[in-house]
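Letter by letter, the chains look like this.
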Amino acid sequence: MVTLSFDVMLDFIGAFAFCLSGASVGSRHRMDFFGVFIMAVVTGFGGGCLRDIILGNNLPFLFRTPIYWIIACVATLIIFIPLSHKIVLRRITVNIFDAAGLAFFTVVGIKAGLANNLEAYQCIIMGVLTACFGGVLRDIIVNQIPHLFQREIYASISIVGGVLFFLLKPLVDSIYLEFLIIGFIFISRIFVMRFDLHLPKPKTRNKRSV
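In this text, all values refer to a predicted model and were calculated from it rather than measured experimentally. (Residues numbered from 1 in each chain as written. Predicted model: local features only at pLDDT ≥ 70, side-chain atom pairs only at ≥ 80, totals over all residues. Heavy atoms only, no water.)

Observations regarding empty space enclosed by the protein
Here's step 1: For the structure shown, the criterion picks out one cavity of 30 Å³ or more.
Here's step 2: When its volume is computed, the largest cavity comes out at roughly 40 Å³.
Here's step 3: The wall of the largest cavity is formed by Asp98, Cys132, Gly135, Val136, Arg138, Asp139, Pro146, His147, Leu148 and Tyr154.
Here's step 4: At five residues, helix α6 (residues 120–141) tops the list of elements feeding residues into the lining of the largest cavity. (1 Å grid on protein atoms, 1.4 Å probe; cavity = no way out; pocket = protein on both sides within 12 Å on 5 of 7 lines; lining within 4 Å. Points joined across faces, edges and corners; volume = space filled by probe spheres on them. Helix = DSSP H or I, 4+ residues; strand = E, 2+ residues; numbered from the N terminus.)

In structure tokens form, the structure reads like this:
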């Protein structure tokens, strides 16, 4: 029962962090309340819905309980509160929530894979999808190239965190291991943003006019 409660807590914290991230992007693009709410829902739960569909759950978790809709609504309301509006929309605040969502949802996705008796590499894929797909949908909606497909070190951190999870799994107690991986992913994401680190891109030559 304690483990279940901890799993639910991970899920709720990750959802709230990503919902705030999505809602802030919607606000920056001058959407109305409904638009900001939809951005919160898409960003917060897009990855989890895709994960559930892949795992064969006919009804994704988002539609099984109203609490997730409440989380998205709270995140949206925070954006519209004048005092919190200025704080939440600061770039550093959005980045912190985004890093937190990446960290928590990677672990949530991995544990969903384990609960369905998947192999280690499949669990890592579930972690990456859960943590990253909502952000991809968010960026597509606002007509941006998703961060995942640019130079930013984003999904790579989730993958490394997943690999580290299974390397340490035989050595570290479950709950401590989850905190360790969450902390690793969160700190790594903040670090690469702070120092503007990027993955290499292929060099392209300018086409000469004929």
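Focus on the nonpolar core
Here's step 1: Counting 45 residues, the largest nonpolar core has Leu10, Cys19, Phe45, Ala72, Leu102 and Cys132 as its most contacted members.
Here's step 2: Put simply, the parts of the chain that give this core at least two residues each are α1 (2–28), α2 (33–54), α3 (67–80), α5 (91–115), α6, α7 (155–168) and α8 (174–194).
Here's step 3: Not counting the four nearest positions on each side in its chain, Leu102 is found in contact with Phe18, Ala131, Cys132, Tyr154, Ser158, Ile185 and Arg189. (Core = buried A, V, L, I, M, F, W, Y, C linked by side-chain atoms within 4.5 Å. Buried < 20%, exposed > 50% of the residue type's maximum accessible area, 1.4 Å probe, protein only. Contact = heavy atoms within 4.5 Å.)

A word on the packing of α5 against α8
Here's step 1: Relative orientation of the contacting elements α5 and α8 amounts to 145 degrees, with a least axis distance of 9 Å. At the point where α5 passes α8, the crossing takes the right-handed sense. Each of Asn95, Ile96, Asp98, Ala99, Ala100, Leu102, Ala103, Phe104, Thr106, Val107 and Lys111 in α5 lies in contact with α8, whose residues at this interface are Glu178, Ile181, Ile182, Ile185, Phe186, Arg189, Ile190 and Met193.
Here's step 2: Split by residue class, the contact of α5 with α8 holds 13 nonpolar, two polar and four charged. (Axes fitted to C-alpha atoms, helices over the stretch in contact; angles between N-to-C directions. Left-handed = near helix turned anticlockwise from the far one by under 90°. Nonpolar A, V, L, I, M, F, W, Y, C, P; charged D, E, K, R; others polar.)

Some remarks on the packing of aromatic side chains
Here's step 1: Counted according to the given criterion, the structure contains eleven aromatic pairs.
Here's step 2: The interplanar angle of 70 degrees and the centroid separation of 6.0 Å between the aromatic rings of Phe45 and Phe61 together place this pair among those described as edge-to-face. With a gap of 16 residues between them, Phe45 in helix α2 and Phe61 in the loop between α2 and α3 connect regions that are remote in the sequence. Grouping residues by exposure puts Phe45 and Phe61 together as buried.
Here's step 3: Relative to Phe195, the ring of Phe191 has its centre 4.8 Å away and its plane inclined at 50 degrees; by these criteria the two rings are tilted.
Here's step 4: When its relative accessible area of 44% is taken as the criterion, Phe191 is described as partly exposed.
Here's step 5: Classification of Phe195 as partly exposed rests on a relative accessible area of 48%.
Here's step 6: An aromatic cluster is built from Phe12, Phe45, Phe61 and Tyr68, whose rings are joined through pairwise contacts.
Here's step 7: A cation over an aromatic ring shows up here: Arg51 above the ring of Phe61, its NZ or CZ 5.4 Å from the ring centre. (Phe/Tyr/Trp six-rings, centres within 6.5 Å; stacked < 30°, edge-to-face > 60°. Lys NZ or Arg CZ within 6 Å of the ring centre and 35° of its normal.)

Regarding α6
Here's step 1: The first and last C-alpha atoms of α6 sit 32 Å apart over 22 residues, in line with the 32 Å expected at 1.5 Å per residue.
Here's step 2: Where α6 bends most, the angle comes to about 35 degrees, and this point is Cys132.
Here's step 3: With its phi angle positive at about 60 degrees, Asn143 sits one or two positions after the end of α6. (Expected span 1.5 Å × (residues − 1). Bend = angle between axes of the 7 residues up to and from the residue.)

Some details on the pattern of salt bridges
Here's step 1: Scanning the model with the defined rule gives five salt bridges in all.
Here's step 2: Residues Glu178 and Lys111 are paired through a salt bridge, measuring 2.7 Å at the closest nitrogen-oxygen approach. Here Glu178, found in helix α8, pairs with Lys111, found in helix α5; they are 67 residues apart in sequence, far enough to count as distant.
Here's step 3: By relative accessible area, which is 1% here, Glu178 ends up buried.
Here's step 4: Owing to a relative accessible area of 17%, Lys111 belongs among the buried residues under this scheme.
Here's step 5: Of the charged contacts in the structure, one is a salt bridge between Arg138 and Asp139, with a shortest N-O distance of 3.1 Å.
Here's step 6: Note on Asp139: relative accessible area 2%, which makes it buried.
Here's step 7: It is possible to trace a salt-bridge network through shared partners that takes in Asp7, Lys111 and Glu178. (Salt bridge = Lys/Arg side-chain N within 4 Å of Asp/Glu carboxyl O.)

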